[in-house]
Amino acid sequence: MEDKLLLQVIADWQLRPHRSEVELPAIQRGFVWNAMQIENLWDSLLREYPVGSFLLSKTNSGKYHLMDGQQRATSIFLGFYNPFTETASKAWSIQDQLPVLWIDIDHKIDLDTRKYLLRLVTRSHPWGYQAKDQGLRMSVSDRYKALELFQKDPKNTSKKYTSFANTSVYPYDANCPLPLCFFIEAETTEEVIDMVKRYLPDTISTKLGNFEDKSAYLKILENSKSKIEELLVVVKRAIRRKISCDIISDSVLNEEQTTDNPTLFVRINSAGTSLSGDDLIYSIYKATFPDTKQLVEKIGLNFVKPTRVISLVSRMVWSEIDGNNYPVKMNVRQFQQRLKNEQFKQGLMCLVNEGENTNASNLFTQAINILQCKESLEGRMPPVIVKQLINKSPDLFLFLLCWLRKHTSIKITTDISLKITAKLLIFHWFGIANISIMWREVETDSYWELPIDQQIELNSNRCGVNALLPPQLLRDYYTQEGVEQLFVCDNPSKWEILAEGVGTKIIDYYRRIDSSISDQSVFNTCFSKFLNVIRFCRSLVLFAQRTYINEVFGDYNQMDSIEDTNTPWDWDHIYPSEWVYRKMYCNKAIKDWNYTIGNLRAISLEQNRREGHRLSPGERLSEKDMREISFIGCDWKFWEQIDKRIYDDKVQNHFRAITQRMIAIYEKFWNDMKVQDLISGKQIV
């Protein structure tokens, strides 16, 4: 192995893995870079900027482990990857269809710190991000125009845009885009143009390029040969460049696996994308049990990342060893110390290995199936809601796993399944701060049948879940003229309970929960906290729109390996946010509610019309099908009266439309999940 490596050699680690002498060791994590980082690396390579060295460790087999540089190596590979010819290429850690790197040979944009306009197109953003700001998605109108173009390609017939072929898409917000791999593979300008003729879609057309199809584009390229030649020289110079490579002995890797403090692995990654404790624990686990790596990746069923799987399984095992006490999340040092405990080590192996009746695979499958509510709920739970619960409230998911493991003899009926999911979502959305208190019930076989009264509390200094108000009580409260006027007039007490009319019923409701509290300020705080949850919990919108979300985005996997954090659906404001944002003549009541779930709908790009900011809610919701998709019901009588931007104080229809739709969304969750069954009768008004 040389101490300096050509970019082609680095790319071949993944392009030609059967011929490569470099492998990714078990201790390495997955690919975590986003599109911007990949683009910026290639800008540095083309400008001959330093990009850091690679760190390899020689193994006993004569091959080498890549200890540091996986993110850069995979980014280099993506520049070389040609989707038009490389049918079998697979990255080390990217599971889905590979993204493609493009370069705009004639951009007209001031790039600030960049010189070359590199563009990555990905699965959930097949048109790329904004050229000017790499981290922002393109506007709805631009994405819609790109969508129309992509759908003309025969490869995309009857496909949703999250599953378009990577050979049929390109960066739309561009002038003259070409795949970077064309410049890497071609020797002459004519060869680059010939690749365009052979491979690019016939319907290619971009926002800034003055051409309608490939024929017109080829004419522009013929007149841009000097730019192609100039870039060809730059690319060829870059790929002839050699990157430094440091080689250490395999004993260092062995030390990383056995030491109580894996200093080297943490230190060499400290300047890059930060490592989480789960990353390190999973790396150590893979190094200790290399034969179980594939089993671990299957356990999560695309709902739980392998790093999280091992974290949860490790805590399950430790809880049993520790007398079923609540297992605090362990750090790397604790995990390594416990690996020396033979009972802990054997417990891990027993849970992960196939063939065991109570192994992790069966437990995770059972738990995820319960949360999806395939049999207990009309219209299954959108996968994104299940993933959010697991990722943002892993302790709740861990509680379910441990309870299932301890109560294998209990038959999980559709009724129990619904109660399990309802309870966990209530705790997830409305907050249960001290999970260790809940953990005391892990051995209670009837736990899911018990009401949540004991977890509900009003005193914010404690650790229970916030009190949920019945939807009808909330609806009656917000239809009071007095409450409406509090917001219209921007009264400082508008978020507190108006202690008259229906407000007195809310106070009585709280008193039935805790008769020891008489302080009005406690009730106001509780009411405000509850309201803030339902005002901004977008998952409630996805739940209410679940039939539509499942139908249109059923194939969307939020665990794509390239970090595409933006979901493929649009969060669309029914009353346009552009009519509110930075507008001087806008009533405060509109600003209070405009960014809440009552004014938000999740909608696909195909169905999000290109009306831009022109159409009012009354116009955009005029069709019944669109109202059904958008979860517009009895609140339509208010929306249809909003036929233009509101400039004066006549904001009543806006207030009523948004608050009533918000309550309807919350009521959908309350009714479908039978929340009332989880609250004792004495608390329901």
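For clarity, every value in this text was computed on a predicted model and none was experimentally measured.

Caption draft 1: Main features of the overall build of the protein. A tally of regular secondary structure across the protein gives 31 helices and 10 strands. Looking at the protein as a whole, 57% of its 685 residues qualify as buried. For the protein, the share of sequence-separated contacts (at least 6 apart) that also reach a separation of at least 24 residues comes to 72%. As displayed, the protein offers around 28,900 Å² of accessible surface, 45% of which is attributable to carbon and sulfur atoms.

Caption draft 2: Representation of the nonpolar core. Judged by nonpolar contacts, the single largest core of 221 residues is most densely connected at W42, Y478 and Y510. Element by element, the count of residues in this core is highest for helix α19 (residues 414–430), at 10 residues.

Caption draft 3: Here's a closer look at the packing of helix α22 (residues 481–488) against helix α31 (residues 652–672). For the pair α22 and α31, interaxial distance at closest approach is 11 Å and the crossing angle is 115 degrees. Here α22 lies roughly perpendicular to α31, going by the angle between them. Every pair of crossing elements has a handedness; the one defined by α22 and α31 is right-handed. Along the contact surface, α22 presents E484, Q485, F487 and V488, while α31 presents Q652, F655 and R656. Among the residues making up the contact of α22 with α31, the classes are represented as three nonpolar, two polar and two charged.

Caption draft 4: Main features of a nonpolar patch on the surface. Judged by side-chain polarity, M584, Y585 and Y647 come together as a nonpolar surface patch covering roughly 460 Å² of accessible area. Structurally, Y585 can be placed in the loop between β9 (570–573) and α27 (588–593). Relative accessible area serves as the criterion here: at 59%, Y585 is assigned to the exposed category.

Caption draft 5: Spatial organisation of the sheet that holds strand β5 (residues 100–104). Pairing within the open sheet is antiparallel, and its three strands lie in the order β6-β5-β7. What marks the edges here is a single partner per strand, and that holds for β6 (117–121) and β7 (177–179). Here the strands of the sheet are splayed against their neighbours by 35 degrees on average, with no regard to which way each runs. With five bridges joining them, β5 and β6 adopt antiparallel strand pairing. The residue of β6 that forms the bridge with V100 is V121.

Caption draft 6: Main features of the pattern of salt bridges. The full count for this structure, using the stated rule, is 30 salt bridges. Between D142 and K207 there is a salt bridge whose closest N-O contact spans 2.8 Å. Of this pair, D142 sits in helix α4 (residues 140–150) while K207 sits in the loop between α6 (189–199) and α7 (214–222), and the two are 65 residues apart along the sequence. Residues E222 and K225 are paired through a salt bridge, measuring 3.1 Å at the closest nitrogen-oxygen approach. With a relative accessible area of 36%, E222 lands in the partly exposed category. A single network of salt bridges, built from pairs that share partners, joins D490, K494, K588 and D592.

Caption draft 7: Region of the structure containing unusual backbone geometry. Even without a glycine there, the phi angle at D112 is positive, about 60 degrees. With respect to the helices and strands, D112 occurs in the loop between β5 and β6. A positive phi angle, near 50 degrees, is found at K674, a position not held by glycine. Here K674 is to be found in the segment after α31.

Caption draft 8: Up close: the packing of helix α21 (residues 471–478) against helix α24 (residues 520–536). Taken N-terminus to C-terminus, the directions of α21 and α24 make an angle of 100 degrees; their axes are 14 Å apart at the nearest point. Classified by the angle their axes make, α21 and α24 are roughly perpendicular. Contacts from L474, Y477 and Y478 in α21 reach F527, F530, L531 and I534 in α24. When grouped by side-chain class, the residues that make up the contact of α21 with α24 number seven nonpolar, no polar and no charged.

Caption draft 9: Here's a closer look at the packing of aromatic side chains. Under the criterion given, the structure shown has 42 aromatic pairs. Ring centres 5.9 Å apart and planes at 75 degrees place the aromatic pair W403 and W448 in the edge-to-face group. Of this pair, W403 sits in helix α18 (residues 394–406) while W448 is found in the loop between α20 (435–438) and α21, placing the two residues 45 residues apart along the sequence. Accessibility assignment for this pair places W403 and W448 in one class, buried. In textbook terms, an aromatic cluster arises when at least three aromatic residues are bridged by ring pairs, as seen for W102, W127, F150, Y161, F164, Y170, F553 and W569. Above the plane of the ring of F54 lies R72, whose end atom (NZ or CZ) is 4.9 Å from the centre.

Analysis parameters
- Residues numbered from 1 in each chain as written.
- Predicted model: local features only at pLDDT ≥ 70, side-chain atom pairs only at ≥ 80, totals over all residues.
- Heavy atoms only, no water.
- Helix = DSSP H or I, 4+ residues; strand = E, 2+ residues; numbered from the N terminus.
- Buried < 20%, exposed > 50% of the residue type's maximum accessible area, 1.4 Å probe, protein only.
- Contact = heavy atoms within 4.5 Å.
- Areas by Shrake-Rupley, 256 points an atom, 1.4 Å probe, with all protein chains shown as cover.
- Core = buried A, V, L, I, M, F, W, Y, C linked by side-chain atoms within 4.5 Å.
- Axes fitted to C-alpha atoms, helices over the stretch in contact; angles between N-to-C directions.
- Parallel < 35°, antiparallel > 145°, perpendicular 65-115°, else oblique.
- Left-handed = near helix turned anticlockwise from the far one by under 90°.
- Nonpolar A, V, L, I, M, F, W, Y, C, P; charged D, E, K, R; others polar.
- Patch = residues over 30% accessible without salt bridge, like charges linked within 9 Å, V, L, I, M, F, W, Y side chains within 5 Å.
- Salt bridge = Lys/Arg side-chain N within 4 Å of Asp/Glu carboxyl O.
- Pairing = 2+ DSSP bridges.
- Phe/Tyr/Trp six-rings, centres within 6.5 Å; stacked < 30°, edge-to-face > 60°.
- Lys NZ or Arg CZ within 6 Å of the ring centre and 35° of its normal.

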